[in-house]
Amino acid sequence: MRHRTKRHKLGRTSAHRKRTLAALSNALIEHKHIKTTIAKAKALRPFVEPLITRSKTDSEHNRRQVFRYLQDKKAVTTLFDEVAKRVGDRPGGYVRIIKLGQRNNDGSEMALVELVDYNDVQPASTGGSGSSGGTRRGSGKGRRDESDDA
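Quick summary incoming for the structure in this document. Counting of residues starts from 1 at the beginning of each chain's written sequence and follows it residue by residue. Predicted model: local features are reported for residues with pLDDT of at least 70 only, side-chain atom pairs are reported and counted for 80 or more only, and whole-chain, interface and lining totals are derived from all residues. In computing side-chain values, all of the structure's heavy atoms are included and hydrogens and water are not.

### Things to note about the overall build of the chain
- Note on conventions: DSSP H or I runs of at least 4 residues are helices, E runs of at least 2 residues are strands, and numbering of each starts at the N terminus. When helices and strands are tallied, the chain shows 4 helices and 3 strands.
- Ordered by position from N to C terminus, the α and β elements of the chain give α-β-α-α-α-β-β.
- Burial classification: accessible surface area is computed with a 1.4 Å probe over protein chains only, and a residue below 20% of its type maximum counts as buried, one above 50% as exposed, and the rest as partly exposed. Within the span of the chain, comprising 150 residues, buried residues form 33% of the whole.
- Look at the contacts in the chain between residues 6 or more apart in sequence, and 54% of them connect residues 24 or more apart. Residue contacts are defined here by distance: any two heavy atoms, one from each residue, within 4.5 Å place the two residues in contact.

Here is the structure:
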């Protein structure tokens, strides 16, 4: 039975995975956006969003609880002082994942992970149900030019 196997393992031991996610979280808090693989991005979101939620209430207990995961005083200070003020009224969904395509050398799918309130430019359609033109099959035969409408 596969009960409670939702966690992304990333092909690492638990200690290595914990440190990898902590390093990615520290980089995300410091730079406000990072470029990584889709698998790491999807594992990062449930790791860092509860920490951002906890940072909304500034107390010594919350700072210690966040430090348990991040292990970086500078990142904890930035999270509580700067990031928490920007996301204070947002009820959740602090992290956005934008797919970027394949990496050149090994073909792994890449993604841009960013804090939502720090992006002034809204992303273009990311493959959702938008009017991007064309068909879902991707051959290009379904696209129509404006000259075809006449």
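### A look at the environment of Ala-39
- Structurally, Ala-39 can be placed in helix α2 (residues 38–55).
- Each C-alpha atom of the pair Ala-39 and Ala-111 lies 8.9 Å from the other, and the pair is 72 residues apart in sequence.

### Details of the packing of aromatic side chains
- In summary, the pairing rule links any two rings of Phe, Tyr or Trp, Trp by its six-membered ring, whose centres are within 6.5 Å, and it sorts them by plane angle into stacked for under 30 degrees, edge-to-face for over 60 and tilted for everything else. Inspection of the entire model under this criterion finds 1 aromatic pair.
- When the ring of Phe-47 is compared with that of Tyr-69, the centres are 5.8 Å apart and the planes differ by 85 degrees; the resulting orientation is edge-to-face. Taken together, the positions of Phe-47 in helix α2 and Tyr-69 in helix α3 (residues 60–70) put the pair 22 residues apart, joining distant regions of the chain.
- The lysine or arginine in question, Lys-32, covers the ring of Tyr-118, its NZ or CZ lying 5.2 Å from the ring centre. Charge-over-ring contacts are defined here by two conditions on Lys NZ or Arg CZ: a distance within 6 Å of the ring centre and an angle within 35 degrees of the ring normal.

### Quick notes on the packing of α2 against α3
- Contact pair α2 / α3: the axes reach a minimum separation of 10 Å and the direction vectors enclose 160 degrees. In this view, α2 runs roughly antiparallel relative to α3, as classed from their interaxial angle. Relative to α3, the crossing made by α2 is left-handed. Facing α2, whose interface residues are Phe-47, Leu-51 and Arg-54, α3 presents His-61, Asn-62, Gln-65, Val-66, Tyr-69 and Leu-70. Each axis is a line fitted through C-alpha atoms, taken for helices only over the stretch in contact, and angles between the N-to-C directions span 0 to 180 degrees. Oblique is the label for any angle not under 35 degrees, not over 145, and not in the 65 to 115 range, which are roughly parallel, roughly antiparallel and roughly perpendicular in turn. In this scheme the crossing of two helices becomes right-handed for a clockwise turn of the near helix relative to the far one and left-handed for an anticlockwise turn of less than a right angle.

### What to know about helix α4 (residues 73–86)
- Expected span, for any helix, means 1.5 Å times one less than how many residues it has. End to end, α4 covers 20 Å across 14 residues, agreeing with the expected 20 Å (1.5 Å per residue, within 8%).
- The largest bend in α4 comes to about 35 degrees, at Leu-79.
- Looking only at α4, the buried set comprises Ala-75, Val-76, Thr-78, Leu-79, Phe-80, Val-83 and Ala-84.
- Contacts made by the buried residues of α4 are with α1 (14–31), α2, α3 and β3 (109–115). Bend, at a single residue, is the angle you get between axes fitted to the 7 residues ending at that residue and the 7 residues starting at it.

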